[in-house]
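Residue-level structure breakdown
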Amino acid sequence: MNFEKIALFVTILCLSILIGCNKVVDVQEPDTETVPEATITAIKNDYPNAEKFVFKTLLKDKLWKAKFVSNASNFETQVSPTAIVAQVYRESSDITLYKDLTDKLKVRGGAISGVQLADKATDNGARMKYVFNGKPFLLDYYILNDWHIIKLTSKAPSESIALEVVDLPDNIQSFCQQKAISLTNATINLITDSEGKKAYYIYPVAQLYPVIFNEAGELLWIARNSNGSNVVNKPNNEVGNAELLAKVSEGYEDFTTPTAVAFEAQFDSLKSIRYVFQKKSGVEGTRTFINELREVFVNAATGEIIYDQYSSYVFR
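This section reports on the structure supplied with the text. (Residues numbered from 1 in each chain as written. Predicted model: local features only at pLDDT ≥ 70, side-chain atom pairs only at ≥ 80, totals over all residues. Heavy atoms only, no water.)

All right, on to unusual backbone geometry then. Phi at Asn133 is positive, roughly 55°, even though this residue is not glycine. Tracing the backbone shows Asn133 in the loop between β9 (126–132) and β10 (135–144). Backbone geometry places Asp268, a non-glycine residue, at a positive phi of 55°. Turning to its location among the elements, Asp268 is positioned in the loop between β17 (263–267) and β18 (270–281). (Helix = DSSP H or I, 4+ residues; strand = E, 2+ residues; numbered from the N terminus.)

Structure, rendered in structure tokens:
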């Protein structure tokens, strides 16, 4: 089973609106603008009873976060002037399933809030805030085959915006062109974390790992060697140095299942490291078996953790 695919999602930000003369006005300052009526139509195409719309501008004249009410339930999505462009989430107050799962895991004891269910999803998808050891995480949940999957992303994203290539800063587009990083059909997100830092995550087609840039367009992490050689998977203790390994493994010392999928990539002057820690509990192939992973992307020069994700796989 491939445990390496990662995903990234958003939490809620509320704003107010004015409704009058058949227009919806986004009153967010300083970028006040009129939201096209077509955005309402785009939502009503899928949710005819939608009302009480609240919009927040994500990309001026192009993309908005939309909150609305339909059949007494609260919803959230992203919408363009012509269509809903992201998963629609419905609020829920039921945390029972998710707490039952986290109580079995390394991350037991955290506080769950803001549960949102992926509407019309076939994998029972959900997302929520999870505060663990005083730190906020984004918890994503879904079902895959016979597994309950939980993913915790540190520095819980306060905003995630799906972008087109033309929305990328010019210096990132130029860098990708010069370095032969294909942006054709790539998945691109601008993510703001809980500390207010913004980063661009670009997933080229058929690649497991993102290319990550900061808000200024500077490269933060890439799973690629600039000399064209292959990135080689190794055990954690053969990557980086002992001090760095000790720093990123702190609190996960009981993740003692050996792994050999860590690596370091040298791209120009940037060294990007991936560490992977694993813990297995119970008997494999039985319903008591639990597999837990922690994946950490590190900028080796600064020691900064660029991305940190915990994943668990629990039999249904």
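We are not done yet, so read on.
Below, the discussion takes up the packing of aromatic side chains. Following the criterion strictly, the structure yields 22 aromatic pairs and no others. With a centroid separation of 6.3 Å and an interplanar angle of 70°, the aromatic rings of Tyr209 and Trp221 are classed as edge-to-face. In this pair, Tyr209 sits in the loop between β14 (198–203) and β15 (211–214) while Trp221 sits in strand β16 (residues 219–221), placing the two residues 12 residues apart along the sequence. Note on accessibility: Tyr209 and Trp221 belong to one class, buried. Ring geometry for Tyr252 and Phe255: centres 5.0 Å apart, planes at 80°, overall edge-to-face. Taken as a pair, Tyr252 and Phe255 share a single burial class, namely buried. An aromatic cluster of at least three residues, connected via ring pairs, comprises Tyr201, Tyr209, Trp221, Phe263, Phe297 and Tyr307. One cation-aromatic arrangement involves Lys120 over Tyr47; the distance from NZ or CZ to the ring centre is 4.5 Å. Over the face of the ring belonging to Tyr89 we find Arg127, whose NZ or CZ atom lies 3.6 Å from the ring centre. (Phe/Tyr/Trp six-rings, centres within 6.5 Å; stacked < 30°, edge-to-face > 60°. Buried < 20%, exposed > 50% of the residue type's maximum accessible area, 1.4 Å probe, protein only. Lys NZ or Arg CZ within 6 Å of the ring centre and 35° of its normal.)

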